[in-house]
Amino acid sequence: ESVGWLVRLRQGLAKTGTGIKHVFIEHKVDEALFEQLEDALLLADVGVNATAQVMEKVRARVKKERIDDAKNVKQVVKDVLVEILKPLEKVLDVDAHLPLVLMIAGVNGAGKTTSIGKLTHHLQQSGKSIVLAAGDTFRAAAREQLAVWGERNGVTVIAQESGDPAAVVFDAIASAQAKKTNVVIADTAGRLPTQLHLMDELKKIKRVADKSMAGAPHEVILVLDGSIGQNALMQVKAFDEAVGLTGLIVTKLDGSAKGGVLAALAVDRQIPVYFIGVGEGVHDLQTFDAVEFVDALLD
Ligand code: GDP
């Protein structure tokens, strides 16, 4: 089971990786190699800015180290990608506050509900108690889904039939404080049925959480679909500018994601990746490890 996810990550990234690896097969170290590598990186969703940065570093190192074998250029590419991705590694400090209040944002379909379930399981495995706040009061299905997750995992879910999401989060924090629950995971809406602005609602939840417990939410985490390409950058920018993101969960890296988007994110704005989603099951949440990730992409 422990290696199963890595296999799925490798399979998920295989197509992308093949595109890059192909460049190094029986190729001389010349301008054509660099051009093909550049194209492959762009196709892998690395993005224009990050690709330029990778290419500059790779060219400089190949020149400096007088590398004349394409296979060794591949190692340089791996090293450069690891260097770029390393700053995204960060472990969620669950014991920083009691309760630790996590606000989870993300557009519908990104994998928010699934990720909350996985995260709950992950935290329970390390002995933490959790209360879930069903802050997506617009999707009845989301509330029900969360209730099912809660029941299955023996976790309290605070919900209101047609309530104010900020009030739900306020109550969940108060409940956690009273019961000394370790972690509050607050779900939020991914889309609103009215003209009401999503970002305004998230801002309100933040304000009200802080009223319930000064300093809360301690983490604002965006669940990001890893398979949406460069749109991921715009999504991260929009949420970060509105509510100040402290971390990401990047999902679906076992599937149609190209993986390179993480390098694009790392160059665009360095928001830590607390976890990656590598499947639909409850165990399929892993901490992000740059070396592991690049190996899965290029080996
Ligand atoms: P939400 O609308 O953001 O709450 O999204 P859901 O949690 O309902 O997930 C949307 C779909 O994506 C569901 O079919 C999930 O099973 C699937 N999904 C979520 N995370 C992952 C992942 O890491 N890998 C794969 N393959 N599927 C995922």
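For the chain, an unreviewed UniProt entry supplies the name Signal recognition particle receptor FtsY and the organism Formosimonas limnophila. Database annotation for the chain, UniProt heading Sequence similarities (unreviewed entry): "Belongs to the GTP-binding SRP family. FtsY subfamily."

Asker: Which residues make up the site of the ligand, and what are the values?
Answerer: Close to the ligand lie 18 residues, the nearest being Gly109, Lys112, Thr113, Thr114 and Glu280. Interatomic distance of 2.5 Å between a side-chain N/O atom of Glu280 and an oxygen atom of the ligand. Within the complex, 79% of the 580 Å² of free accessible area of the ligand lies under protein. Ranked by residue count, the leading element in the shell around the ligand is helix H5 (residues 112–125), at four residues. Its residues placed into classes, the shell around the ligand shows three nonpolar, nine polar and six charged.

Asker: Just give me the short version of the packing of helix H1 (residues 4–21) against helix H11 (residues 290–298), but keep the residues and values in it.
Answerer: The packing of two helices is summarised by the inter-axis angle and the distance between the axes. At their nearest, the axes of H1 and H11 sit 5 Å apart, and the two run at 55 degrees to each other. Classified by the angle between their axes, H1 and H11 sit oblique to one another. Between H1 and H11, the residues in contact are Trp5, Leu6, Leu9, Arg10, Leu13, Thr16, Gly17, Ile20 and Lys21 and Glu292, Phe293, Asp295, Ala296, Leu297 and Leu298, respectively. Here the contact of H1 with H11 is built from residues that sort into nine nonpolar, two polar and four charged.

Asker: Outline the sheet that holds strand E8 (residues 285–286), listing residues and values.
Answerer: If you trace the eight strands from one edge of the open sheet to the other, you get E3-E2-E4-E1-E5-E6-E7-E8, paired in mixed fashion. The open sheet has two free edges, formed respectively by strand E3 (156–158) and E8, since each of these has just one partner strand. Each of strand E1 (100–105), strand E5 (219–225) and strand E6 (247–251) touches helix H9 (residues 231–243); the most contacted strand, E5, lies at about 160 degrees to it.

Asker: Residues and numbers for H9, please.
Answerer: Counting along an α-helix, one turn takes 3.6 residues, and residues three or four places apart therefore face a common direction. The first and last C-alpha atoms of H9 sit 18 Å apart over 13 residues, in line with the 18 Å expected at 1.5 Å per residue. The set of residues buried in H9 consists of Ala232, Leu233, Gln235, Val236, Phe239, Asp240 and Val243. Taken around the axis of H9, the buried residues stretch over an arc of 160 degrees, which confines them to a single face. Within H9, the exposed residues directed more than 90 degrees away from the buried face are Met234 and Glu241. On its buried side, H9 packs onto E1, helix H8 (198–212), E5, E6 and helix H10 (261–268). The positive-phi residue at the C-terminal boundary of H9 is Gly244, with phi of around 65 degrees.

Asker: Which residues make up the UniProt feature "domain: SRP54-type proteins GTP-binding" (unreviewed entry) in the chain, and what values go with them?
Answerer: The UniProt feature table records "domain: SRP54-type proteins GTP-binding" (unreviewed entry) at residues 272–285. As annotated, residues 272–285 comprises 0% helix and 43% strand, and the C-alpha atoms at either end are separated by 15 Å.

Each value, and the rule that gives it
- Residues numbered from 1 in each chain as written.
- Predicted model: local features only at pLDDT ≥ 70, side-chain atom pairs only at ≥ 80, totals over all residues.
- Heavy atoms only, no water.
- UniProt positions renumbered as here; feature names shortened; annotations may be inferred.
- Near = heavy atom within 4 Å.
- Polar contact = N/O pair within 3.5 Å; in protein donor to acceptor, adjacent residues only side chain to side chain.
- Areas by Shrake-Rupley, 256 points an atom, 1.4 Å probe, with all protein chains shown as cover.
- Helix = DSSP H or I, 4+ residues; strand = E, 2+ residues; numbered from the N terminus.
- Nonpolar A, V, L, I, M, F, W, Y, C, P; charged D, E, K, R; others polar.
- Axes fitted to C-alpha atoms, helices over the stretch in contact; angles between N-to-C directions.
- Parallel < 35°, antiparallel > 145°, perpendicular 65-115°, else oblique.
- Contact = heavy atoms within 4.5 Å.
- Pairing = 2+ DSSP bridges.
- Expected span 1.5 Å × (residues − 1).
- Buried < 20%, exposed > 50% of the residue type's maximum accessible area, 1.4 Å probe, protein only.
- Arc of directions from axis to C-beta.

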